[in-house]
Amino acid sequence: TGLVTVDPGFMNTASCESKITYIDGDEGILRYRGYPIEQLAEQSSFLEVAYLLIHGELPSPSELEAFEERVNRHTLVHEDFRTFMGTFPRNAHPMAVMSSALNALSTFYPESLDPHDPEAVELATVLILAKTRTITSYVHRTSKGEPLLYPDYSRGYVEDFLRMTFAVPYQQYEPDPVVVQALDKLLILHADHEQNCSTSTVRIVGSSNANLYASVAAGINALSGPLHGGANEAVLKMLDEIKANGGDATAFMKRVKDKEPGVRLMGFGHRVYKNYDPRAAIVKESADAVLSALGKNDELLDLARGLEEIALNDDYFVSRKLYPNVDFYTGLIYKAMGFSESMFTPLFALGRMPGWIAQWREMINDPQTKIGRPRQVYTGAVERDYTPVADR
Ligand code: CMC
């Protein structure tokens, strides 16, 4: 069996080779297929980035148009699926609803399930990208008890997502272009991040030849935890709590540094980035721009800036190389856009979907892939004899 060593959290174990995303954690570099995240965030669009991640190259104009058209046309969900989406309790956490929905989606498209049929995989890819958008808007609406709207094919991916999320029936609604552009950028920033907890989950589930829907549904569940995607919601809760307790940032930071159980500076720290998270730098700029463009003056933004300021000058954080990560400022933007806190992590999932799909497809097509099956080092009891219950 060879030598087995324990590597908690897989700090030093590469699970695969990958050509999709490059991270240099010391330099704060993130690239999708070689393209710097800063250039993509500034100049590309979410669906173009999805194409790039999944197919490896930027699309030509006609390829992009065909891809957008195909995704757009599939945003409508089956009427029974729509009914199903309306059956969850209003106070259900949207991440639970979302993962259930992605899993349930597979039951409507049996022709798209075979992981080794390229046409089926292509169909599943488009269906998942298209319907996750609709599902995310429905998740928001069911949490409000509002009617579920139908897609409008004449609009763009993000624009129509916002309309389906926020429009009130029989009332005029036009998404604010500032919000459309800002959300598109945020989705790009979330689109992939190599072998993090949820992506590794997607790959390991898929390594058993489970279908793409089952694998990404598992990814959503992994993402829901507060140490991972759930951090964006946890940051806002933390800021709310500090404000409710009088807004004393220094007192809160003392609790963090004293390592009070369960108290961490949420939105700070990263397994790989030991320098500023390049996504956080873009998000921070965006937060300033979006909040001022929308005329929303959120005192929580000042509080967040204050916490960052303390952390960047405090030995506890500096010596541990803890910097803001992507989740630190995103919640403030989502809130300004009108999303409730429980929707923040579903938005992360919507953004991450292309990455999960690209990684799953790379895994399925990689001749090196084997079923994920880590070893263990057993530390339990040595062999002993069973005693009947009456003799114990
Ligand atoms: N606040 C206070 N202390 C922290 C924090 C934090 N946010 N993060 C790490 N530390 C401390 C930790 O206590 C440990 O200290 P010591 O060496 O004295 O034991 C040291 O820094 C190293 O931390 P770790 O937990 O061993 O690091 P990790 O690589 O296992 O964890 C992390 C990475 C992101 C889970 C962690 O930094 C964390 O819990 N951050 C807060 C949650 C968060 O923002 N998550 C989002 C991550 S980025 C996007 C995403 O994945 O969704």
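About the cut-offs
Residues numbered from 1 in each chain as written. Predicted model: local features only at pLDDT ≥ 70, side-chain atom pairs only at ≥ 80, totals over all residues. Axes fitted to C-alpha atoms, helices over the stretch in contact; angles between N-to-C directions. Helix = DSSP H or I, 4+ residues; strand = E, 2+ residues; numbered from the N terminus. Parallel < 35°, antiparallel > 145°, perpendicular 65-115°, else oblique. Left-handed = near helix turned anticlockwise from the far one by under 90°. Contact = placed C-beta atoms within 7 Å. Core = buried A, V, L, I, M, F, W, Y, C linked by C-beta atoms within 7 Å. Buried ≥ 20, exposed ≤ 12 C-beta atoms within 10 Å, placed from the backbone. Domains from an automatic or database assignment. Nonpolar A, V, L, I, M, F, W, Y, C, P; charged D, E, K, R; others polar. Near = placed C-beta within 6 Å. pLDDT = per-residue confidence, 0-100. Pairing = 2+ DSSP bridges. Arc of directions from axis to C-beta. Expected span 1.5 Å × (residues − 1). Bend = angle between axes of the 7 residues up to and from the residue.

S.K.: Where do I start with the packing of helix α6 (residues 118-144) against helix α7 (residues 157-166) in this structure?
M.R.: The description of two helices packed together rests on the angle between their axes and the distance between the axes. Where α6 contacts α7, the two axes come as close as 8 Å, and the packing angle between them is 25 degrees. Relative to α7, the element α6 lies roughly parallel. Where α6 crosses over α7, the handedness of that crossing is right-handed. Packed against α6, whose contacting residues are Arg133, Thr134, Thr136, Ser137 and His140, the element α7 presents Tyr157, Phe161, Met164 and Thr165 at the interface.

S.K.: Explain the nonpolar core to me, please; I cannot follow it from the model alone.
M.R.: Considering soluble globular proteins, one finds that nonpolar side chains tend to be buried as a cluster. Formed by 104 residues in total, the largest nonpolar core has its most connected members in Val216 and Ile333. For this core, the element with the highest residue contribution is helix α17 (residues 344-365), accounting for 11 residues. Split by domain, this core shows at least three residues from each of two domains, domain 1 (35-225 + 340-365) and domain 2 (231-337). Setting aside residues no more than four positions away along its own chain, Ile333 makes contact with Ala182, Leu186, Ser286, Ala287 and Val290.

S.K.: Would you mind going over the domain arrangement of the protein chain with me for this structure?
M.R.: Accessible area lost during the coming together of the parts is what is often quoted as the interface size. Looking at the assigned domains, one finds that the protein chain contains domain 1 (35-225 + 340-365) and domain 2 (231-337). Between domain 1 and domain 2, the residue contacts involve 17 residues of the former and 18 residues of the latter. Going through the elements one at a time, α1 (37-43), α8 (177-190) and α17 are the ones with two or more residues in the side of domain 1 that touches domain 2. A per-element tally of the side of domain 1 that touches domain 2 places α8 first, with 7 residues. Grouping the constituent residues of the side of domain 1 that touches domain 2 by class yields 12 nonpolar, 2 polar and 3 charged.

S.K.: How should I be thinking about the packing of helix α10 (residues 212-223) against α17 in this particular structure?
M.R.: Contact geometry for α10 and α17: axes closest at 10 Å, N-to-C directions at 135 degrees. When the axis of α10 is compared with that of α17, the two are oblique. As α10 runs across α17, the sense of the crossing is right-handed. Taken together, the residues of α17 that come into contact with α10 (itself represented by Leu212, Ser215, Val216, Gly219, Ile220 and Leu223) are Thr345, Phe348, Ala349, Arg352, Met353, Trp356, Ile357 and Trp360. Classifying every residue of the contact of α10 with α17 gives 10 nonpolar, 3 polar and 1 charged.

S.K.: Would you take a moment to explain the site of the ligand for this structure?
M.R.: Near the ligand you find 20 residues, and of these Ala231, Arg264, Gly269, Arg271 and Asn325 are the closest. Here the residues of the shell around the ligand sort into 8 nonpolar, 8 polar and 4 charged.

S.K.: Mind showing me how you'd approach the confidence of the model for the protein chain here?
M.R.: As a note on interpretation, predicted positions should not be read in detail where pLDDT is low. Here the protein chain shows a mean pLDDT of 95. Residues at 70 or above account for 100%. ipTM for the predicted complex: 0.97, alongside a pTM of 0.95.

S.K.: Mind showing me how you'd approach unusual backbone geometry here?
M.R.: Leave glycine aside and you will find that most residues have negative phi; peptide bonds, for their part, are mostly trans. A positive phi is found at Asn209, a non-glycine position, where the angle reads about 70 degrees. With respect to the helices and strands, the residue Asn209 is situated in the loop between α9 (197-206) and α10. Look at Lys259: it is not a glycine, yet its phi comes out positive at around 55 degrees. Note that Lys259 resides in the loop between α12 (249-257) and α13 (278-293).

S.K.: Sorry if this is basic, but what is going on with the pairing of strand β1 (residues 21-24) here?
M.R.: Every other side chain in a regular strand lies on the same face of the sheet, so the side chains alternate between the two faces. Residues Thr21 and Ile23 line the buried face of β1, whereas the alternating positions Tyr22 and Asp24 sit on a face that is not buried. Examined bridge by bridge, β1 and strand β2 (residues 29-32) share 4 bridges and lie antiparallel to one another. Looking at the pairing, Ile23 lines up with Leu30 of β2. Once β1 ends, the chain turns through 4 residues before running back antiparallel as β2, passing Gly28 with a positive phi of about 70 degrees.

S.K.: Please clarify how α12 should be interpreted in this entry.
M.R.: Taken residue by residue, α12 has Ala249, Phe252, Met253 and Val256 as its buried positions. Buried positions in α12, seen along its axis, are confined to an arc of 100 degrees and lie on one side of it. Facing away from the buried side of α12 by more than 90 degrees, the exposed set consists of Thr250 and Ala251. At its buried positions, α12 is contacted by α11 (231-244) and α14 (299-312). Among the residues trailing α12, Lys259 stands out with phi positive, at a value near 55 degrees.

S.K.: Looking at this model, I keep getting lost on the pairing of β2. Mind explaining?
M.R.: Of the two faces of β2, only one is covered, namely that formed by Leu30 and Tyr32; the face formed by Ile29 and Arg31 stays uncovered. Pairing between β2 and strand β3 (residues 35-36): 2 bridges, direction antiparallel. Each residue of the ladder has a partner; that of Arg31, found in β3, is Pro36. The loop that links β2 with its antiparallel partner β3 comprises 2 residues; one of these, Arg33, has a positive phi angle of about 50 degrees.

S.K.: So what exactly am I meant to see when it comes to α17 here?
M.R.: Owing to its 3.6 residues per turn, the α-helix aligns residues three or four sequence positions apart on the same side. Spanning 22 residues, α17 covers 32 Å between terminal C-alpha atoms, matching the ideal 32 Å at 1.5 Å per step. Within α17, the axis deviates most sharply at Arg352, by approximately 45 degrees, and proline Pro354 lies no more than four positions further along.

S.K.: So what exactly am I meant to see when it comes to the sheet that holds β1 here?
M.R.: What links the strands of a sheet is backbone hydrogen bonding, and the strands pair in either a parallel or an antiparallel sense. Ordered by their spatial adjacency, 3 strands build an open sheet running β1-β2-β3, and the pairing between neighbours is antiparallel. Where the open sheet ends on each side, the last strands, each with one partner, are β1 and β3.

S.K.: Honestly, the environment of Ala304 in this entry has me stumped. Any pointers?
M.R.: Along the chain, Ala304 turns up in helix α14. Sequence separation between Ala304 and Gln368 is 64 residues; the distance between their C-alpha atoms is 45 Å.

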